[in-house]
Amino acid sequence: MLQYLSKRLLMMIPLLLGITLISFVVIHLAPGEPTDLQTQMNPQAGSDLQERLRVQYGLDQPLYVQYFNWLSRLVQLDFGESFATDRRPVFDKVIERLPITILLNVLSILLILVVSIPLGIISAVRRNSAFDRSTTLLVFAGFAMPSFWLALLLMDWLGVRLGVLPISGLKSLGYEYLSFGGQILDRISHLVLPVFISAIGGLAGFSRYMRSNMLEVVRQDYILTARAKGLSERVVIYKHALRNALLPVITILGLSVPGLIGGSVIFETIFAIPGMGKLFYDAVMMRDYPLIMGILVMGAVLTLFGNLLADISYALADPRIRHQEQGEG
Amino acid sequence: MSQLLIGLLLLLLFGCNGTQETEHPGVEKVLTAEFGDTFIEASIGDASTLLPVLASDSTSSGITGLVYNGLLRYDKNLVIEGELAESWDVSADNLVITFHLRKGVKWHDGAPFTAADVLFTYRLYTDPSTPTAYAEAFKQVANAEVLDPYTFRVSYAKPYAPALMSWATSIHPKHLLEGEDVTQSPLARNPVGTGPYRFKEWLGGEKIVLEANADYFEGQPYIKRVVLRIIPDTSTQFLELQTGGLDFMGLSPLQFDRQTETSAFRRLYSKYRYLNFGYTYLGYNLNRPLFQDKRVRQALAFAINKQEIVDGVLLGYGVAATGPYKPDSWVYNPNVPRYDYNPEKARQLLQQAGWQDSDGDGILEKDGRPLAFTIVTNQGNDLRAKTGEIIQRRFQEIGVDVKLRIIEWATFLKEFINPSNFDATLLGWTGGPEPDQYNIWHSSKTGPRQLNFIGFKNAEVDQLLEDGRRIFDQQQRKPYYDRFQEILAEEQPYTFLYIAEALPAVSKRFRGVEPAPAGIRYNFHNEWFVPKKEQKYAR
């Protein structure tokens, strides 16, 4: 197992290098430079500013020099400074937006799991029942609906007409003056709509996935055996079938690790939430190379670790895989 | 409050000739101004830096405008008045300006403000290592000196009319910035100025909070706090406005016209409308053979129905443009050639220029080549995209085959505007009360990355622009710009399309809002207030 782990970890290094190289080149291929955007179309801007900025940012160097400069700082865990006019360290900009992004994503994944696992199971057990059909219809409707449109409808309904939920932001004005309980309530009420909106798209996929897994599992011989033993249907489904049907969930959770720091530009924009999605989008629009690369590298590292984590926990949870590994090793 | 740019931006937002849309609420008894309450507005983007010398976005400038002061500013009628300068003298030859500064002004950290800060600010802007976009006006200065702690003198080699208002630039604190790398200064996120509001906090991507400066030299502002929320989506902003989460918002024509005519909205908000500084135009690349014939440009101008664009795109909240200045400004020349919609005339002009539909496909040809070109514009501006579509249809009707391409901003600049690689472009300029347009029209500004990217070269215009910026007196100056506008109208290097109106809505809690040529925000810091009974935010 240790050997396997170290092998996997070592393999990550060239993979990561490859990812950074490709990302770096692709981003610089995109037309436009940060300096254009900061100096152009401004009747008061001097024409020499452009050149000065290029030198300050190191954009006058050949691309491979820029890449090696960037990489040599990266190996010291220095992500560099943003090209935006504030020139703040990339790391600070990202850290500032991580907590809310992670919180939203965790809550949304939890909501997806809590709702879609039971939905999937019931749909599978009562296949082609009215319940199955109507949930299928509903989750697909949720999936197909543009989230920004649904968000605006809900904001108008719950926020403006009924006035029960805040429309946007993370906290109310005057949050500092609320009691502790009031603060918690205030934060929760601000999270309800964003979490619901970000979860609704995922519900469809996951509940369908759960349903087909379950259908797959109940056709297996060991379920037949369990039934033949005379176990009650409840025990068959919730003990023997469910455990096996849940296994792939681990993979999905592992794969969603990088998603924890990714955000959706659309719902962050609509709910005015300062998250990673908007940060990244703005960075791309501004051609803020260090910030783009910083976020991409963090995402890449998390993806690689998420995959590893998924594989490991899969092996731990599924004896078939564990034994196979040992058999090979 | 400070900085020419802010002046321009605020003017852009809150332009001229305010007319209140709502009916007058009868006789309201005169209220005495009271302190307290919070003013909440929103911006679609976060500020980039709160150091005015580096900031080039409107969100940052809006905030620094309240935190910093300039020596001068525009008053409600767009007449220059003193801010940090109590008075100023201009020498008879217009070459030397002497500023007499206010005494007893303090920086927010308690340090005294003196002429040394002004000199420092001048040096900061002109320092080659400062990446500022606003050094140009200061580069005209031949000499700047401190005569005593409250007297500052600048001299110019040649008279330069925009010079005076360049001293509306935010004055920076010498004691906090001297010897520092300005790009790494903590003041970028924690500004210290002399202005009516002090910086309180900035939560990235969420909000910026300012608090009234009790020691402000013009008296403590009545509104105790200003909160700028970052709400990137304008639909969300509008929903927030409807629930009272915002006290101010610039409305779109659609929101202004159709979505705010409810009694609930009218009870809570006053709406205002006035012309912006700035215009939208269709610019022709004069390096292309097609557009070198003046008759073609004039024909295209006749083919565009400007009023239709104003009515269709702006829902009537704007006016058709005839030149670069707005009709209610002193410099505007009403007697220029006009191009009222006349497709017949357009066809005639094209025929004179040799364009005819010889193969009957509906598109004109000359020497076997069809009359076809592409209009490029930037993504993200819905009004421009719609304008482009309307123009496209009108051009089609006179036999001109036009394609419309909408391109993301960075790509647009890099691939099309910088290398002058376009046929025609649909864009806009924003300006201010200062009529100097040297950077946009002078033939020396046609180089790469410069603003005369359509390649307009006209010796008479060059001379007019050079002379016009050397004259301080409005009356003496006007003939130069009158002639300048005539030439532009005759030559049609741009077809000037429209000037849009600013359409702000302000919560009715706020009193003291007096629309003037300078817009509505000019007296925010010393006249706006909320009566005690109506104050919403106690703390």
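Residues numbered from 1 in each chain as written. Chains lettered and ligands numbered in written order. Predicted model: local features only at pLDDT ≥ 70, side-chain atom pairs only at ≥ 80, totals over all residues. Heavy atoms only, no water.

### Quick notes on the overall build of chain A
Stated precisely, the cut-off is as follows: Numbering of helices and strands runs from the N terminus; a helix is a DSSP stretch of H or I covering at least four residues, while a strand is a stretch of E covering at least two. Buried means the residue's accessible area, taken with a 1.4 Å probe over protein chains only, is under 20% of the maximum for its type, while exposed means over 50%, and partly exposed covers the values in between. Here the accessible surface of atoms and residues is derived via Shrake-Rupley with a 1.4 Å probe, and residues count as covered only by protein chains that are part of the display. Note on charges: Lys and Arg go in the positive column, Asp and Glu in the negative column, and His and the chain ends are not counted at all. Charged side chains are reduced to one point each, which is NZ for Lys, CZ for Arg, CG for Asp and CD for Glu.
Scanning chain A from terminus to terminus reveals 14 helices and zero strands. Listing each helix as α and each strand as β along chain A from the N terminus yields α-α-α-α-α-α-α-α-α-α-α-α-α-α. Judged by the C-alpha coordinates and their principal axes, chain A covers about 85 × 60 × 40 Å. Among the 329 residues that make up chain A, the fraction classed as buried is 45%. Of the accessible surface of chain A, which amounts to about 16,900 Å², a share of 68% is contributed by carbon and sulfur atoms. Of the charged side chains in chain A, 27 are positive and 24 negative; the average position of the first set lies 12 Å away from that of the second.

### Some thoughts on the overall build of chain B
Using the following cut-off: The globule rule used for comparison is 2.2 Å times the number of residues to the exponent 0.38, while the radius of gyration itself is calculated over C-alpha atoms.
When helices and strands are tallied, chain B shows 17 helices and 22 strands. Its C-alpha atoms give chain B a radius of gyration of 25 Å, within 12% of the compact-globule value 24 Å for 539 residues. C-alpha atoms of chain B, sized along the principal axes, occupy 80 × 60 × 40 Å. Taken across its 539 residues, chain B has 58% of its residues classed as buried. For chain B, the accessible surface area stands at approximately 20,900 Å², while carbon and sulfur atoms represent 48% of it. Both charge centroids of chain B, one from 57 positive and one from 66 negative side chains, sit 3 Å from each other.

### Things to note about the pairing of strand 22 (residues 504-507) of chain B
Residues in a regular strand project their side chains so that they alternate between the two faces of the sheet. All names here are of chain B. Convention followed: Two strands are counted as paired when DSSP detects at least two bridges linking them.
Of the two faces of strand 22, the one carrying P504 and V506 and the one carrying A505 and S507 are both buried. In this structure, strand 12 (residues 248-250) lies alongside strand 22, joined through three bridges in antiparallel fashion. Looking across to strand 22, one finds that M249 is bridged to A505. As judged from the three bridges shared by strand 13 (residues 269-275) and strand 22, these two strands associate in the antiparallel manner. Each bridged residue has a counterpart across the sheet, and for Y269 the counterpart in strand 22 is S507.

### Remarks on the domain arrangement of chain A
Residue and element names in this part refer to chain A. Stated formally: Where each domain starts and ends follows an automatic or database-derived domain assignment. Contact between two residues is taken to exist if any of their heavy atoms lie within 4.5 Å; hydrogens are not considered. Here the buried area means the combined drop in accessible surface, using a 1.4 Å probe, for two parts upon being joined, counting both sides. Salt bridge, as used here, is a side-chain nitrogen of Lys or Arg placed within 4 Å of a carboxyl oxygen of Asp or Glu.
Assigned domains of chain A: these are domain 1 (2-75) and domain 2 (96-328). Facing the 22 residues of domain 1 at the interface are 17 residues of domain 2. Taken as a group, R8, M12 and I27 account for 28% of the area that domain 1 buries against domain 2, more than any other trio of residues on that side. Taken together, the connections running from domain 1 to domain 2 amount to one salt bridge. Note that R8 and D311 form a salt bridge whose closest N and O atoms lie 2.7 Å from each other.

### Some thoughts on the packing of aromatic side chains
What describes a pair of aromatic rings is the distance from one ring centre to the other and the angle between the planes of the rings. Residues and elements named next belong to chain B. This is how the line gets drawn: Each aromatic pair joins two rings of Phe, Tyr and Trp (for Trp, the six-membered one) with centres within 6.5 Å, and gets the label stacked for planes under 30 degrees apart, edge-to-face for over 60, and tilted for any other angle. Two thresholds decide whether a charge sits over a ring: the Lys NZ or Arg CZ must be within 6 Å of the ring centre and within 35 degrees of the ring normal.
Within this structure, the stated rule accounts for 48 aromatic pairs over all chains. Taking 5.7 Å as the distance between ring centres and 85° as the angle between the ring planes, the aromatic pair formed by F39 and W528 counts as edge-to-face. One end of the pair, F39, is in strand 2 (residues 38-43); the other, W528, is in the segment after strand 22, with 489 residues separating them in the sequence. A relative accessible area of 0% places F39 in the buried class. A relative accessible area of 0% means that W528 is categorised as buried. Linked through ring pairs, Y279, Y281, Y325, F422, W429, W441, F453, F456, Y481, F484, Y494 and F496 together constitute an aromatic cluster. The ring of W202 has R189 sitting right over it, with the charged end atom 3.9 Å from the ring centre. Lying across the ring of Y438, R469 places its NZ or CZ 4.0 Å from the centre.

### A closer look at the interface of chain A and chain B
Often, the extent of an interface is quoted as the loss of accessible area upon association of its parts. Quick reminder of the rule: Pairing of N or O atoms within 3.5 Å defines a polar contact, subject to two protein rules: one partner must be a possible hydrogen donor and the other a possible acceptor, and residues neighboring in sequence count only if both atoms are side-chain atoms. For this classification, the nonpolar set comprises Ala, Val, Leu, Ile, Met, Phe, Trp, Tyr, Cys and Pro, the charged set comprises Asp, Glu, Lys and Arg, and every other residue, Gly included, is treated as polar.
With 45 residues of chain A at the interface, the matching set in chain B holds 57 residues. Where chain A packs against chain B, one counts one salt bridge. Put simply, chain A and chain B have six residue pairs in polar contact (both at pLDDT 80 or more) between them. For the side of chain A that touches chain B, the secondary structure elements donating two or more residues are helix 2 (34-39), helix 3 (49-57), helix 5 (90-125), helix 7 (147-161), helix 11 (265-271) and helix 12 (276-286) of chain A. In terms of residue class, the side of chain A that touches chain B is built from 18 nonpolar, 14 polar and 13 charged.

### Notes on unusual backbone geometry
Its identity as a non-glycine residue notwithstanding, A272 of chain A has a phi of 50°, on the positive side. Mapped onto the fold, A272 of chain A is located in the loop between helix 11 and helix 12. Unlike most non-glycine residues, S420 of chain B shows phi in positive territory, near 55°. Tracing the backbone through its elements, the reader meets S420 of chain B in the loop between helix 14 (409-417) and strand 20 (424-429).

### Some thoughts on the packing of helix 10 (residues 294-303) of chain B against helix 12 (residues 343-352) of chain B
All names here are of chain B. Selection criterion: Fitted lines through C-alpha atoms serve as axes, helices being fitted only where they are in contact, and the angles separating the N-to-C directions of these axes extend from 0 to 180 degrees. Oblique is the label for any angle not under 35 degrees, not over 145, and not in the 65 to 115 range, which are roughly parallel, roughly antiparallel and roughly perpendicular in turn. Here a crossing is taken to be left-handed if its near helix is turned anticlockwise relative to the far helix by less than a right angle, and right-handed if that turn runs clockwise.
Contact geometry of helix 10 with helix 12 gives a least axis separation of 8 Å together with a crossing angle of 165°. The angle between the axes of helix 10 and helix 12 places the two elements in the roughly antiparallel class. In the packing of helix 10 onto helix 12, the handedness of the crossing is left-handed. Taking contact as the criterion, the partners of R295, V296, Q298, A299, F302 and A303 in helix 10 are, on helix 12, P343, K345, A346, L349, L350 and Q352. Here the residues of the contact of helix 10 with helix 12 sort into eight nonpolar, two polar and two charged.

### Re the sheet that holds strand 8 (residues 151-156) of chain B
Residues and elements named next belong to chain B. The four strands are arranged 5-6-8-7 in an open sheet whose pairing can be described as antiparallel. Two strands close off the open sheet at either side, each with one partner strand: strand 5 (85-90) and strand 7 (141-148). Averaged over all pairs of adjacent strands, the angle between strand axes in this sheet comes to 15°, irrespective of strand direction. Here strand 6 (residues 96-101) runs beside strand 8; their pairing, made up of five bridges, is antiparallel. By the bridge assignment for strand 8, V96 is matched with S155.

### Observations concerning the pattern of salt bridges
Residues and elements named next belong to chain B. For the coordinates displayed, the defined rule picks out 41 salt bridges over all chains. Across the pair D293 and R295 runs a salt bridge, and its minimum N-O distance is 3.2 Å. Here E460 and R483 are joined by a salt bridge, their closest N and O atoms 2.8 Å apart. You can see E460 sitting in helix 16 (residues 459-468) and its partner R483 sitting in helix 17 (residues 474-491), a full 23 residues away along the chain. The network of salt bridges with common partners includes R73, E81, E83 and E218.

### Comments concerning the sheet that holds strand 11 (residues 225-230) of chain B
All names here are of chain B. The four strands are arranged 2-11-10-9 in an open sheet whose pairing can be described as mixed. Both outer strands of the open sheet, strand 2 and strand 9 (197-203), are each paired with one neighbouring strand and no more. Taking the axes of each pair of neighbouring strands and ignoring which way they run, one obtains an average angle of 20° across the sheet. The strands touched by helix 2 (residues 58-67) are strand 2, strand 9, strand 10 (207-212) and strand 11; relative to strand 10, the strand with the most contacts, the crossing angle is about 15°.

### What to know about the packing of helix 16 of chain B against helix 17 of chain B
When two helices pack together, their arrangement is given by the angle between their axes and by how far apart the axes lie. All names here are of chain B. Following both chains from N to C, one finds helix 16 and helix 17 inclined at 155°, their axes separated by 9 Å at the closest point. Compared by their axis directions, helix 16 and helix 17 come out roughly antiparallel. Once helix 16 is placed against helix 17, the crossing between them reads as left-handed. Facing E460, V461, L464, L465, D467 and G468 of helix 16, the residues of helix 17 in contact are R477, Y480, Y481, R483, F484 and I487. Its residues assigned to classes, the contact of helix 16 with helix 17 comprises seven nonpolar, one polar and four charged.

### Considering helix 16 of chain B
Residue and element names in this part refer to chain B. Threshold: By arc we mean the arc of the directions from the helix axis to the C-beta atoms, nothing more.
Taken residue by residue, helix 16 has V461, D462, L464, L465 and G468 as its buried positions. Around the axis of helix 16, the buried residues are gathered within 165° of arc, so they sit on the same side. Here helix 16 starts with a cap whose side-chain oxygen sits 3.0 Å from the backbone nitrogen of E460, and that cap is N458.

### Looking at the side chain of D186 of chain A
Residue and element names in this part refer to chain A. Secondary-structure assignment places D186 in helix 8 (residues 180-218). The buried charged residue D186 lacks any salt bridge partner; its closest oppositely charged side chain belongs to R187, at an N-O distance of 6.5 Å. Ignoring sequence-local partners within four residues, the contact set of D186 consists of K171, S172, Y175 and L178.

### Description of the nonpolar core
Rules: Note on terminology: a nonpolar core comprises buried Ala, Val, Leu, Ile, Met, Phe, Trp, Tyr and Cys residues joined through side-chain atoms within 4.5 Å.
Counting 102 residues, the largest nonpolar core has L71, F99 and W167 of chain B as its most contacted members. Counting residues domain by domain, this core receives three or more from each of domain 1 (2-75) and domain 2 (96-328) of chain A. Apart from residues no more than four positions distant in its own chain, W167 of chain B is found in contact with G70, L71, L72, F99, V118, Y122, F138, V141, F152, V154 and Y156 of chain B. Residues Y281, V313, V331 and L371 of chain B belong to the second largest nonpolar core, which totals 69 residues.

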